[in-house]
Amino acid sequence: MSDSEKPTLLVVDGHSLAFRAFYALPVDSFVNRDGQHTNAIHGFLSMLILLLQNEKPTHLAVAFDISRYSFRTREYAEYKGTRGETPPEFVGQVPLLEEALKAMGVQTLSKEDFEADDILATLATRGAAEGFNVLVVSGDRDTIQLVQPGVTLLYPNARGVSELKRYDRDAVVERYGIEPEQYPDIAALVGETSDNLIGVDKVGEKTAVKWLKQYGSLDGILEHADEITGVVGQNLRDQKDRAIRNRRLNRLVTDVELPVGPADLARRPIDERAVRDVFDKLQFKTLLERVLKIAAAERGDAPAAVADTPTGHDIPVIHTMIDEELAKWIRTQSADGTKPLGLRVATQGGEVTGFGLASLSETAFVPWAAGRPDYAALEAWLASDAPKYLYGSKAQLKALASAGIPLGGIAFDTVLGAWLLRPGAKPESLESQVYDYLGETLQVSDPNQLVPENEGASPATEAWYVLRIAEYLADKLDAGSRSVLDDIELPLVPVLAGMERTGITVNSGILGDLTSQLGQTAAEVASRAFAEIGREINLGSPKQLQEVLFDQLGMPKTRSNKTGFSTDAASLADLQEQNPHPFLDLLLQHRDATKLMQIIASIDKAVDATGRVHTTYEQAGSATGRIASNDPNLQNVPIKTEIGRRIRSAFEPSPGFETLLTADYSQIEMRIMAHLSGDPGLIEAFNEGEDLHRFVGARIFSVAPEDVTPTMRTKVKAMSYGLAYGLSAFGLSKQLRIETSEAKELMADYFARFGAVRDYLRDVVEQAKVDGYTTTIFGRRRPFGDLHSSNRVLRENAQRQALNSPIQGSAADIIKRAMLTIAADIDGMESRMLLQVHDELVFEVAPGELDALTEIVRHRMGTAADLTVPLEVQVGTGPNWDAAAH
DNA sequence: ATTGCTACGTA
DNA sequence: CGTACGTAGCAATA
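This is a predicted model, so every value here is computed, not measured.

### Let's talk about the overall build of chain A
Check the secondary structure of chain A and you find 36 helices and 27 strands. When the backbone C-alpha atoms are referred to their principal axes, chain A occupies close to 115 × 80 × 60 Å. Each of the 886 residues in chain A was classed as buried or not, and the buried ones make up 51%. Counting only contacts in chain A whose residues sit at least 6 apart along the sequence, the fraction spanning at least 24 positions is 67%. Of the roughly 39,900 Å² of accessible surface on chain A, 50% is carried by carbon and sulfur atoms. Of note, chain A has its 91 positive side-chain charges centred 4 Å away from the centre of its 125 negative side-chain charges.

Laid out in structure tokens, this is it:
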């Protein structure tokens, strides 16, 4: 069999190549959003991808050292002893690299007490014997000894890992003048600095090769040591033990016991889903594309992949029909409304243009023209509770509602299903879901082309994909997540859709006045700021600010960030303390004014012809279960400052409504902490009904509640809230601008009185480490991958997130449950729910309904969860959002 | 034009 | 060295 027909086995030394990559690529250019360095991973993977493309290995493995200790260090403690501490930026990259390799279907091997090179040696030797074309990739010169017929070494050059030099037998002879198997003899004589193996003094490569040619082997040289003259000869005689020891240590072991042999290393399919996850985490966009390209090519080429595709998954023929025929089709395919159908609403410019319906075996397209009688059966099915599976049901529901078509029976939404499985991931397009979950390709028309070259798939086909994705996802959901989907998220879809469609009335006049006022302030402040520094700069440019503050004004450096030194508000406050300057204060004022102008502008430009603003709630937008709001974001409307409150005062009841009503949970997260921890002190605090921070302050400072000073209360409040976020003593001291020691004492005193809280917070993380996820009171899960990470930053970030998630997530569950019952209760009323701001709901109240609404809201919010502490609800009313707050 | 980063508004 | 978001402008990339 010729070489090209032989299977190719590629074996890689993971550590040595990763390390080479680490030093070849700039550390600072490869940092992901979590602060994890990724240069070694990037370099390694980009090399591996090249190898996959160029060498097309049929079999593949990457070997890693388990630790820096092996049988060699036991034999010679100083082995590799010159290697200093692993650079901190390298730490943590190997586990991530292994994760990426796993996703790419690459097997990784390691063996206690052996080095990766021994694994390579074993596999190479066996592979060559078993008829493989073996490629060894290593940055360790000792692997030269492995080169033989059928085994080629790929060795990185000085420039890094992007170029590998190919050493077959001839190349070794050409480079070193000796046969590959003689190389260890040379190395034994010369020594290997990187392994801390000292050679015979004055013996370099030239001398060693000369001797070797003369005497054939190290043993031969030593036998004839007496014949060698001069200082070198004496050195050889004196130091022959070194050479013998070196030779013993640099011999690679070719019979390491491994769980797999070369034949077991056949390439495995690339797990595209997992690859996306890992590469997304690493922020490797280009590499991801390259891997997916390889995956696609391999999927297309491999006969096995074709056989894997179930025959039932050919896209069903699309029936286009209306009227009686359609009615019959729906009845049959949905088994009289008992079986779910995939549903896709086609729209063009906001108008409904058609419907795609699908069972697993058949699909139908229904063109739509408003007001025709032919669609009675379809409309009846749409409005009914007959189960429908959708992608992005809220948007579809809104489109239908705009067309006057009621929709009921939303039984699955693939966006929500995918989110509950992986709440940290951003919602995907339908096309991506098809690709990620089914491994198939959805045709989409090119939005950039006026007359698209590729026609998009029919809504009917899309509906079919939606149905299949839904079934796939449903199968993956655990019972808790499923109940969150069925009992909270899906019922919430029409509620949120209604709130979005209603919108909230905004008084543009008020916003306009504020903008001009703020604009004036900003301009005045800016010119005064320019006067202070004697020149005009862009105050919005952190770069120019850095020049002014640190170069021109010579201020002390603040904490550093990726573009230099921070100029954020906290840093500026620090500067003001150390190095007072009028410019600092003017800058802050300018920031303040322009920020508010921006927020006003984002709201104002969203006001529609009827004076209302319609936000869009992103139901699958947060990792904890919260709802996000965008376009415009109505969950970050200012409130803390006077001007901020004036922005809120622009939100008014619509014409015909009496007043706005706001209802918010008081300290819901602390109450959830009390419930989940079962801390008797905290529970008592809430049951007493006294001011929480005063109560806690009295306990901590051992004073009577009435003697808790405002300073004490501020400290307690900051700590209580901080606890739920995993705040450290250091962070607390920063925030309160107190000594770290005082912050430590404060926390110690807190936990002395409320010990169950500390136990709970600790246990949450411990449990999450075991389970790999956290759970809210109502069963919502959030998975965590980094709780065991060897990278401290990643690990501690994950731990804080894990500690916070059940608290924030349970609060999200609770207000959502309240929204559902309230929506049901006010269904027959004129009053409407308008906004949700995490722990607050905003309503507009129809004349005569205030008392009834207040009662409903109080009752439903107060009983949305059964906790060991009461859920306190504060209700306020007023002619605008600010006035309605309390 | 798109993307990353900084900064900052809310709960 | 405190969680969860969205938006905006700047500056560097394409």
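### Observations concerning the packing of aromatic side chains
To describe a pair of aromatic rings, one takes the distance between the centres and the angle between the planes. On inspection of all chains with the given rule, the structure shows 17 aromatic pairs. With a centroid separation of 5.6 Å and 55° between ring planes, the pair formed by tyrosine 389 and phenylalanine 412 is classed as tilted. With tyrosine 389 in strand β13 (residues 388-390) and phenylalanine 412 in strand β14 (residues 410-413), this pair connects stretches of sequence that are 23 residues apart. Looking at tyrosine 389, the relative accessible area reads 13%, which means it is buried. Residue phenylalanine 412 is classed as buried on the basis of its relative accessible area of 0%.

### Quick look at the sheet that holds strand β15 (residues 504-506)
Spatially, the three strands line up as an open sheet ordered β18-β15-β21, and their pairing is antiparallel. Single-partner strands in this sheet number two, and they are β18 (612-613) and β21 (651-652). When β15 meets β18, the two strands line up antiparallel, connected through two bridges. In the strand pairing of β18, threonine 505 is matched with arginine 612.

### Points about empty space enclosed by the protein
It is the rolling of a water-molecule-sized probe over the atoms that shows where space remains empty. Going through the model one piece at a time under the given rule, you end up with two cavities of 30 Å³ or more. Taken as a whole, the largest cavity holds about 40 Å³ of empty space. Surrounding the largest cavity, Arg72, Tyr79, Lys80, Glu115, Asp117, Asp140, Asp142, Leu249, Asn250 and Leu252 form its lining. Considering only residue class, the lining of the largest cavity consists of three nonpolar, one polar and six charged. Size it by volume and the second largest cavity reaches roughly 30 Å³. If you go around the second largest cavity, the residues you meet are Trp419, Leu420, Pro423, Ala623, Thr624, Gly625, Arg780 and Arg781. Residues belonging to the lining of the second largest cavity are distributed by class as follows: four nonpolar, two polar and two charged.

### Quick word on the protein's contact with DNA strand C
Surveying the vicinity of DNA strand C reveals 32 residues, the closest of which are Asn538, Ser541, Ala623, Asp631 and Arg782. The protein-proximal atoms of DNA strand C, defined as those within 4 Å of the protein, are 73% sugar or phosphate. At 2.9 Å, a side-chain N or O of glutamine 735 approaches a base oxygen of DNA strand C. Contact distances for DNA strand C include 3.0 Å between a sugar or linking oxygen and a side-chain N or O atom of glutamine 808.

### Examining the packing of helix α30 (residues 710-723) against helix α31 (residues 729-736)
The N-to-C vectors of α30 and α31 enclose an angle of 140°; their axes lie 11 Å apart at closest approach. The orientation of α30 relative to α31 falls into the category oblique. When you trace α30 past α31, the crossing you get is right-handed. For the pair formed by α30 and α31, the contact residues are Thr714, Lys715, Ala718 and Met719 on the first element and Leu732, Gln735 and Leu736 on the second.

### Let's talk about the protein's contact with DNA strand B
Close to DNA strand B lie 24 residues, the nearest being Lys562, Thr567, Arg591, Ile639 and Asp839. The protein-proximal atoms of DNA strand B, defined as those within 4 Å of the protein, are 85% sugar or phosphate. Note that a phosphate oxygen of DNA strand B is positioned 3.5 Å from one of the backbone N or O atoms of aspartate 568. Between DNA strand B and the protein, one listed contact pairs a base nitrogen with a side-chain N or O atom of asparagine 636 at 3.2 Å. Looking at the surface near DNA strand B, the element that brings in the most residues is helix α25 (residues 582-604), giving four residues. Looking at the surface near DNA strand B residue by residue, the classes come out as six nonpolar, eight polar and 10 charged.

### Some remarks on the environment of valine 873
Within the secondary structure layout, valine 873 lies in strand β27 (residues 873-878). A relative accessible area of 10% means that valine 873 is categorised as buried. With 770 residues separating them along the chain, valine 873 and alanine 103 place their C-alpha atoms 48 Å apart.

### A word on the confidence of the model for chain A
Caution applies to low-pLDDT regions: their predicted coordinates should not be interpreted in detail. For chain A, the mean per-residue pLDDT works out to 89, and 95% of the residues sit at or above 70. Confidence drops under pLDDT 50 across residues 301-312; counting only partners more than four residues distant or on other chains, this segment forms two contacts. Confidence over residues 448-452 falls short of pLDDT 50; this stretch has two contacts with residues more than four positions distant or in other chains.

Conventions we followed
Positions within a chain are numbered from 1, following the residues in the order the chain's sequence is written. A letter from A marks each chain and a number from 1 marks each ligand, given out in the order of writing. The predicted origin of the model limits local features to residues at a pLDDT of at least 70 and limits the giving and counting of side-chain atom pairs to 80 or more, whereas totals for whole chains, interfaces and linings rest on all residues. With hydrogens and water excluded, all non-hydrogen atoms of the structure serve as input to the side-chain values. Secondary structure elements follow DSSP: runs of H or I no shorter than four residues count as helices, runs of E no shorter than two count as strands, and numbering proceeds from the N terminus. Think of it in three bands: residues with accessible area under 20% of the maximum for their type are buried, residues over 50% are exposed, and the middle band is partly exposed, with areas taken using a 1.4 Å probe on protein chains only. Contacts were defined at the residue level, with two residues in contact if any of their heavy atoms lie within 4.5 Å. In this description, accessible areas are obtained by the Shrake-Rupley approach with a 1.4 Å probe, and a residue is regarded as covered only by the protein chains that are shown. Charge assignment: positive for Lys and Arg, negative for Asp and Glu; neither His nor the chain ends contribute. A charge is said to be at NZ when it belongs to Lys, at CZ for Arg, at CG for Asp and at CD for Glu. Here the aromatic set is Phe, Tyr and Trp, taking the six-membered ring for Trp, and pairing holds for ring centres within 6.5 Å; pairs whose planes are under 30 degrees apart are stacked, those over 60 apart are edge-to-face, and all others are tilted. A pair of strands counts as paired when DSSP detects no fewer than two bridges linking them. For cavity detection a 1 Å grid was placed over the protein atoms alone, and a set of points counts as a cavity when a 1.4 Å probe fits there but cannot get out; an open set counts as a pocket when protein lies on both sides within 12 Å along at least five of seven lines, with lining residues being those that have an atom within 4 Å of a point. Grid points are joined across faces, edges and corners, and a volume is the space filled by probe spheres set on the points. Throughout this entry, Asp, Glu, Lys and Arg are counted as charged residues, while Ala, Val, Leu, Ile, Met, Phe, Trp, Tyr, Cys and Pro are counted as nonpolar. The remaining residues, Gly among them, count as polar. Residues are labelled near a given molecule or strand when at least one of their non-hydrogen atoms is within 4 Å of it. Under the rule applied, a polar contact is a pair of N or O atoms within 3.5 Å (in protein, one hydrogen donor and one hydrogen acceptor; residues adjacent in sequence only if both atoms are side-chain atoms). All axes here are fitted lines through C-alpha atoms, helices being fitted over the stretch that makes contact, and every angle between N-to-C directions spans 0 to 180 degrees. Angles below 35 degrees are treated as roughly parallel, those above 145 as roughly antiparallel, those between 65 and 115 as roughly perpendicular, and all remaining angles as oblique. The sense of a crossing depends on the near helix, which, turned anticlockwise from the far helix by less than a right angle, makes the crossing left-handed and, turned clockwise, makes it right-handed. Residue-level confidence of the predictor, termed pLDDT, takes values from 0 up to 100.

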